[in-house]
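Each chain is listed here by its residues.
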Amino acid sequence: MAFSEKVKNEAKRRACFRCVICHDKFVEIHHIIPQAEGGNDTIENAAPLCASCHDLFGGNPEKRKQIREMRDH
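Colleague: Provide a residue-level description of the overall build of the protein chain, including the pertinent values.
Modeller: Check the secondary structure of the protein chain and you find three helices and two strands. What you see in the protein chain, going N to C, is helices and strands ordered as α-β-β-α-α. Relative to the compact-globule value of 11 Å for 73 residues, the protein chain shows a C-alpha radius of gyration of 11 Å, a close match. Per-residue burial for the protein chain yields a buried fraction of 36% across its 73 residues. Restricting to contacts in the protein chain with at least 6 residues of sequence separation, those with at least 24 account for 59%. Approximately 4900 Å² of the protein chain is accessible, and the part contributed by carbon and sulfur atoms is 53%.

Colleague: I'd like a rundown of the layout of surface pockets, residues and numbers included.
Modeller: Picture a little ball the size of a water molecule; that probe, rolled over the atoms, points out where space is still empty. Its boundaries defined by the atoms lining it, the largest pocket holds a volume of some 180 Å³. Lining the largest pocket, in full, are Arg14, Ala15, Cys16, Arg18, Cys19, Val20, Ile21, His23, Met70, Arg71 and His73. Residues belonging to the lining of the largest pocket are distributed by class as follows: six nonpolar, two polar and three charged.

Colleague: Before we move on, can you summarise the pattern of salt bridges with the specific residues and values?
Modeller: Tallying each qualifying case throughout the model produces six salt bridges. Arginine 13 serves as the salt-bridge partner of glutamate 10, at 2.6 Å between the closest nitrogen and oxygen. Of this pair, glutamate 10 and arginine 13 both sit in helix α1 (residues 5-14), separated by three residues, roughly a single helical turn. For glutamate 37, the salt bridge identified is with arginine 64, shortest N-O distance 2.9 Å. With glutamate 37 in the loop between β1 (28-31) and β2 (46-49) and arginine 64 in helix α3 (residues 64-72), this pair connects stretches of sequence that are 27 residues apart. The exposure class of arginine 64 is buried, given its relative accessible area of 16%. Salt bridges here are not isolated pairs; linked through shared partners, they connect Glu10, Arg13 and Arg14.

The rules behind these values
Residues numbered from 1 in each chain as written. Predicted model: local features only at pLDDT ≥ 70, side-chain atom pairs only at ≥ 80, totals over all residues. Heavy atoms only, no water. Helix = DSSP H or I, 4+ residues; strand = E, 2+ residues; numbered from the N terminus. Rg over C-alpha atoms; globule rule 2.2 N^0.38 Å. Buried < 20%, exposed > 50% of the residue type's maximum accessible area, 1.4 Å probe, protein only. Contact = heavy atoms within 4.5 Å. Areas by Shrake-Rupley, 256 points an atom, 1.4 Å probe, with all protein chains shown as cover. 1 Å grid on protein atoms, 1.4 Å probe; cavity = no way out; pocket = protein on both sides within 12 Å on 5 of 7 lines; lining within 4 Å. Points joined across faces, edges and corners; volume = space filled by probe spheres on them. Nonpolar A, V, L, I, M, F, W, Y, C, P; charged D, E, K, R; others polar. Salt bridge = Lys/Arg side-chain N within 4 Å of Asp/Glu carboxyl O.

In structure tokens form, the structure reads like this:
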């Protein structure tokens, strides 16, 4: 399953419609904990990332805490 439109829009709104890492305007909603590892489709597991930051940080389990902290900042 994927994020609902409601969750996507709320995650983007909370991040001012920008990537939580580089602040680029073009974002997709990323699962902080991947679905394959039990991550869910809730706002708590959602982080707006641009394509570049998703490629650099998205698949790295060691960066999950950093993504969450940047999102919540």
